[in-house]
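A structural walkthrough
Each chain, written out:
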Amino acid sequence: AAQDRAKQLEGLTLKIEMQAGAEGKLFGSVGTVDIAEEIGKRGIEVERSEIRLPEGPLRTVGSHQVALHLHADVNVEITVVIEAAEAAGD
């Protein structure tokens, strides 16, 4: 089952929009909950504990490599692209 999920996740790119400041720093952060939810929207079940964020939640706009540890010897990397959401009322 872990191998099947790894095949589904391989090469996956998630796009997440967040409010961000001028320097590309997020107002808040993208953590394991956000990433698991985005993957879930694609019909793939991932536990928060399987998502590896060694430096903590993602706090900047841009492309981030995120490792998923699905089983003892099943690891896969996905790309999480964080884009600045358009500020309302500008």
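The structure this text deals with has already been given above.
In what follows, the accompanying structure is described. Position numbers for residues count from 1 along each chain, tracking the sequence in the order it is written. Where totals are concerned, whole chains, interfaces and linings use all residues; where local detail is concerned, this predicted model gives features only for residues with pLDDT of at least 70, and gives and counts side-chain atom pairs only at 80 or more. With hydrogens and water set aside, each side-chain value is computed from the structure's full complement of heavy atoms.

**Observations regarding the nonpolar core**
In a soluble, globular protein the nonpolar side chains are often hidden away together inside. Nine residue types can take part in a nonpolar core, namely buried Ala, Val, Leu, Ile, Met, Phe, Trp, Tyr and Cys, and a core is a set of them joined through side-chain atoms within 4.5 Å. Type-normalised accessible area, obtained with a 1.4 Å probe on protein chains alone, sets the label of each residue: buried when under 20%, exposed when over 50%, and partly exposed for intermediate values. Formed by 26 residues in total, the largest nonpolar core has its most connected members in Leu-9, Ile-35, Ile-39, Ile-78 and Val-80. Secondary structure follows DSSP: runs of H or I at least 4 residues long count as helices, runs of E at least 2 residues long count as strands, and numbering of each begins at the N terminus. Secondary-structure elements contributing two or more residues to this core are helix 1 (2–9), strand 1 (13–18), strand 2 (25–30), helix 2 (32–40), strand 5 (62–71) and strand 6 (74–84). Here this core gets five residues from one element, more than from any other, and that element is strand 6. Contacts between residues were defined by any pair of non-hydrogen atoms, one from each residue, lying within 4.5 Å. In this view, Leu-9 contacts Ile-39, Ile-44, Val-46, Leu-68, Leu-70, Val-76, Glu-77 and Ile-78; residues no more than four positions away in its chain are not counted.

**Here we look at helix 1**
Listing the buried residues of helix 1 in full gives Ala-2, Arg-5, Ala-6 and Leu-9. Down the axis of helix 1, the smallest arc covering the buried residues is 105°, so these residues share one side. The inward-facing, buried residues of helix 1 abut helix 2, strand 5 and strand 6. Residue Gly-11 follows helix 1 closely and has a positive phi angle near 75°. Summarising the geometry, the arc corresponds to the directions from the helix axis toward the C-beta atoms.

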